[in-house]
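# Secondary and tertiary structure notes
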Amino acid sequence: MDLLNTLVDKGLRRELPSREEALAVLATSDDELLDVVAAAGRVRRTWFGRRVKLNYLVNLKSGLCPEDCSYCSQRLGSKAEILKYTWLKPDEAGKAAAAGVAGGAKRVCLVASGRGPTDKDVDRVARTIDAIKAENEDVEVCACLGLLSDGQAERLRAAGADAYNHNLNTSEATYGDITTTHTYADRVDTVRKAHGAGLSACSGLIAGMGESDEDLVDVVFGLRELDPDSVPVNFLIPFEGTPLAKEWNLTPQRCLRILAMVRFVCPDVEVRIAGGREVHLRSMQPLALHIANSIFLGDYLTSEGQAGKADLEMIADAGFEVEGAGEVTLPEHRGGGCGAVCAPDATAAVEAVDSAPDAVPGPRTDLVAVRRRGAGTDVAPNA
């Protein structure tokens, strides 16, 4: 396809595709899907080789959030039967983080529900970072605490945080349909605060909330403009008890097209398959590794993921390798050298898969399982 050849060429030059080209990726047919994956895979291998970075979530404070984000099981008014607890103590968070690191995670993501941290909360997170790095000196720590006030990003950086996550989630035009207690501009401001403080910016999206193709392209182009180092792509988990509980809009094929579009628009950044991959990609998860170079290991904030051992087996079976602690994730021009593994690879190798059955299966609602283990419980974490 001329479209895919053009997108590969632009990806290798780090050139922004046109909106029309990005939309065309989302409009490709199932017959073209493997070609799309192969093309995105060539761009992915050029900048990241066959490495997969593992990240591990620790939910420091779960539920009881005053914000009304429609997609979130922790939102104001949520009736989702999730774990609810206040701040973990630093040693508790450290033990949870250690489980992820032992499972192969290179980055630990510390997340807390709420509009944004108080200065006391920042101090609390700083102590938690100290506890984690005292046991695992080389681990990357990313904080995700909501909207930041002036000076807080600098304090987190001084405390040892390496990155800050704050997702844009959806397009500016539709943001008010998803959340009313803060704005798209508020989120952009926080990403810029993190970037300005010297933190590695991490910002992504949620697909499957009923948005149009145009909305998806808008938010990804908005991310490209912000220039984060990593872009998590979440696929909506429609929790019962939230306003979007009935939004089952995704298929594995749709998810792969979305990931490919993100890779073409953001060719040299860490594209992470985040929440919802087990629910929506299902048996197509290994194919998605040809596009994305990063995943979360084990469980998510309020839902269970597949077993950490299964994640590692999937990576190996698909012909990829876990990125080591001593390897730099990003290409050299983004601030870190990555050696020979980042040499351009002219071959696009995605093996054919068996044809899908004629009958299209319905949503697998049974795959949504509320987390009952790990942080905030007495049960061992999934890592």
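Since the structure is predicted, the reported quantities are computational estimates derived from the model, not experimental observations.

Our focus in this paragraph is the overall build of the protein chain. If you tally the helices and strands in the protein chain, you get 13 helices and 10 strands. For 383 residues, the compact-globule estimate of 2.2 N^0.38 gives 21 Å, and the C-alpha radius of gyration of the protein chain, at 19 Å, lies within 12% of that figure. By its C-alpha atoms, the protein chain is 55 × 45 × 40 Å across when sized along the principal axes. Across the 383 residues in the protein chain, those meeting the buried criterion constitute 58%. Contacts in the protein chain between residues at least 24 apart in sequence constitute 78% of all its contacts with a sequence separation of at least 6. The protein chain carries 42 positive and 57 negative side-chain charges, and their two centres are separated by 4 Å.

What follows concerns the pattern of salt bridges. Under the definition given, this model contains 27 salt bridges. For Glu270, the salt bridge is made with Lys53, and the minimal N-O distance between the two is 3.5 Å. On the criterion of sequence distance, the pair formed by Glu270 in strand E8 (residues 270–273) and Lys53 in strand E1 (residues 51–61) is long-range, its members being 217 residues apart. Judged on exposure class, the residue Glu270 and its partner Lys53 are both buried. The partner of Glu270 in a salt bridge is Arg272, with the nearest N and O atoms 3.0 Å apart.

What follows is about the environment of Lys89. Along the chain, Lys89 turns up in the loop between E1 and helix H4 (90–102). In this structure Lys89 comes out as exposed when scored by relative accessible area, which is 53%. The sequence separation of Lys89 and Val262 amounts to 173 residues, and the corresponding C-alpha distance is 37 Å.

A positive phi angle, near 60 degrees, is found at Leu64, a position not held by glycine. Locating Leu64 in the fold gives a position in the loop between E1 and H4. Positive phi values are uncommon outside glycine, yet Arg282 reaches one of about 50 degrees. Accessibility expressed as a relative area gives 21% for Arg282, which makes it partly exposed.

Once that is clear, we can look at H4. Look at H4: 18 Å from first C-alpha to last across 13 residues, which is about the 18 Å you get at 1.5 Å a residue. Those residues of H4 lying buried are Ala93, Gly94, Ala96, Ala97 and Gly100. Looking straight down H4, one finds its buried side chains confined to an arc of 165 degrees; they lie on one side. Of the residues in H4, the exposed ones pointing more than 90 degrees away from the buried face are Lys95 and Ala102.

Attention now moves to the pairing of strand E3 (residues 140–144). Most of E3 is tucked away, with five of its five residues classed as buried. Burial of E3 is two-sided: the residues Glu140, Cys142 and Cys144 facing one way and the residues Val141 and Ala143 facing the other way are all buried. Taken together, the five bridges between strand E2 (residues 107–112) and E3 define a ladder with parallel strand orientation. Among the inter-strand pairings, Val108 is bridged to a residue of E3, identified as Val141. Regarding the hand of the β-α-β motif, the stretch spanning E2, helix H5 (residues 119–135) and E3 is right-handed. Judged from the two bridges that link them, E3 and strand E4 (residues 163–165) form a sheet pairing that is parallel.

Of all residues in the protein chain, 93% have pLDDT values of 70 or greater, and the mean over the chain is 92. Low pLDDT (under 50) marks residues 337–360, which in the prediction has 38 contacts with non-local residues, meaning those over four places away or in another chain.

What follows concerns the side chain of His182. Looking at the secondary structure, you find His182 in the loop between helix H7 (175–178) and helix H8 (184–196). At a separation of 2.7 Å, a polar atom in the side chain of His182 contacts the side chain of Glu67. At a separation of 2.7 Å, a polar atom in the side chain of His182 contacts the side chain of Tyr175. Other than its neighbours up to four places away in sequence, His182 contacts Glu67, Cys69, Arg115, Leu147, Tyr175 and Arg187.

Rules used in this analysis
- Residues numbered from 1 in each chain as written.
- Predicted model: local features only at pLDDT ≥ 70, side-chain atom pairs only at ≥ 80, totals over all residues.
- Heavy atoms only, no water.
- Helix = DSSP H or I, 4+ residues; strand = E, 2+ residues; numbered from the N terminus.
- Rg over C-alpha atoms; globule rule 2.2 N^0.38 Å.
- Buried < 20%, exposed > 50% of the residue type's maximum accessible area, 1.4 Å probe, protein only.
- Contact = heavy atoms within 4.5 Å.
- Lys, Arg positive; Asp, Glu negative; His and termini not counted.
- Charge placed at Lys NZ, Arg CZ, Asp CG, Glu CD.
- Salt bridge = Lys/Arg side-chain N within 4 Å of Asp/Glu carboxyl O.
- Expected span 1.5 Å × (residues − 1).
- Arc of directions from axis to C-beta.
- Pairing = 2+ DSSP bridges.
- Right-handed = clockwise from strand over helix to strand, strands pointing away.
- pLDDT = per-residue confidence, 0-100.
- Polar contact = N/O pair within 3.5 Å; in protein donor to acceptor, adjacent residues only side chain to side chain.

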